[in-house]
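Breakdown of the fold
If you want the building blocks of each chain, they are given just below.
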Amino acid sequence: MNKTLILTCLLAFTSVFIPAVAKSNKVYNTGEPIIKPMIMSRFIEMQSAREVPDVTFIDTEGGEVNLKQYKGKVVMVNLWATWCAPCIKEIPQMENIRQTNIDKDLVVLPISIDEETDKVKPFLARHGLAHYKTWLDPNKDIDQVMPADVVPATYVFDGSGNLIGFLRGYLDWGDEDVQPYLEKLVAKYAKR
């Protein structure tokens, strides 16, 4: 293997794992990780839950919202952008997860990191997703919580708003093994 390829792989690896956990303080040890199905093999359940700063976002109507309003629920934040082709594949899958878990302790929160927020609603409508509720973060304030340098990316928070896991990049969230895994995350982390 040539040295450039090795260095590139090493840099890619560190950019995936180090920034996501470097921005926060350890709160508690998460214990034994949940056994993952193959589809979830790239999901990282962290060894220590991490406290994150309280950041405010806006919804598509201009109202202020934040993660703290979901106390007692596991929150999946899915970062996306209109210029991200894999995000379009994930959006319907995320909406299905949201609908499946609407009466459970799991919340799916999409956050668009598009700088031009006026383009988000028309973009969703053009793709038949006008009903999709998303938060907006044109200033990338999410960088205070987790890195917003890869989309799509999904970050998972426990019932107290602590970061407990993440997956950066596209995943087929519609796979039949995903929902049972998410239910185990909810059982372990919702009431933390």
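Figured I'd write up the structure that's included with this text. (Residues numbered from 1 in each chain as written. Predicted model: local features only at pLDDT ≥ 70, side-chain atom pairs only at ≥ 80, totals over all residues. Heavy atoms only, no water.)

**A word on the pattern of salt bridges**
Side chains carrying opposite charge are able to pair once their charged atoms draw close together. Note the threshold: A carboxyl oxygen of Asp or Glu within 4 Å of a side-chain nitrogen of Lys or Arg is what we treat as a salt bridge. In this text, helices come from DSSP runs of H or I with a minimum length of four residues, and strands from runs of E with a minimum of two, each type numbered from the N-terminal end. To sort residues, take the accessible area from a 1.4 Å probe on protein chains only and compare it with the maximum for the residue type: under 20% means buried, over 50% means exposed, and anything in between is partly exposed.
Scanning the model with the defined rule gives eight salt bridges in all. Taking the shortest distance from any N to any O, the salt bridge between K191 and D105 comes out at 3.2 Å. On the criterion of sequence distance, the pair formed by K191 in the segment after α4 (178–189) and D105 in the loop between α2 (85–100) and β6 (106–112) is long-range, its members being 86 residues apart. Residue class for D105 comes out partly exposed when judged on its relative accessible area of 24%. Taken together, the salt bridges that share partners define one network made up of K73, D105 and K191.

**Considerations on the side chain of T134**
Convention followed: Polar contacts, as counted here, are pairs of nitrogen or oxygen atoms within 3.5 Å of one another; within protein the pair requires one atom able to donate a hydrogen and one able to accept it, and residues that are adjacent in sequence qualify only if both atoms are side-chain atoms. By the convention used here, residues are in contact when the closest approach between their heavy atoms is within 4.5 Å.
Its place among the elements puts T134 in the loop between α3 (120–126) and β7 (135–136). For T134, a relative accessible area of 3% puts it in the buried group. For T134, the side chain forms a polar contact with the side chain of W80, separated by 3.0 Å. Looking at T134, its side chain comes within polar contact range of the main-chain oxygen of P110, at 3.2 Å. Setting aside residues no more than four positions away along its own chain, T134 makes contact with D59, T60, W80, P110, I111, S112, V120 and L124.

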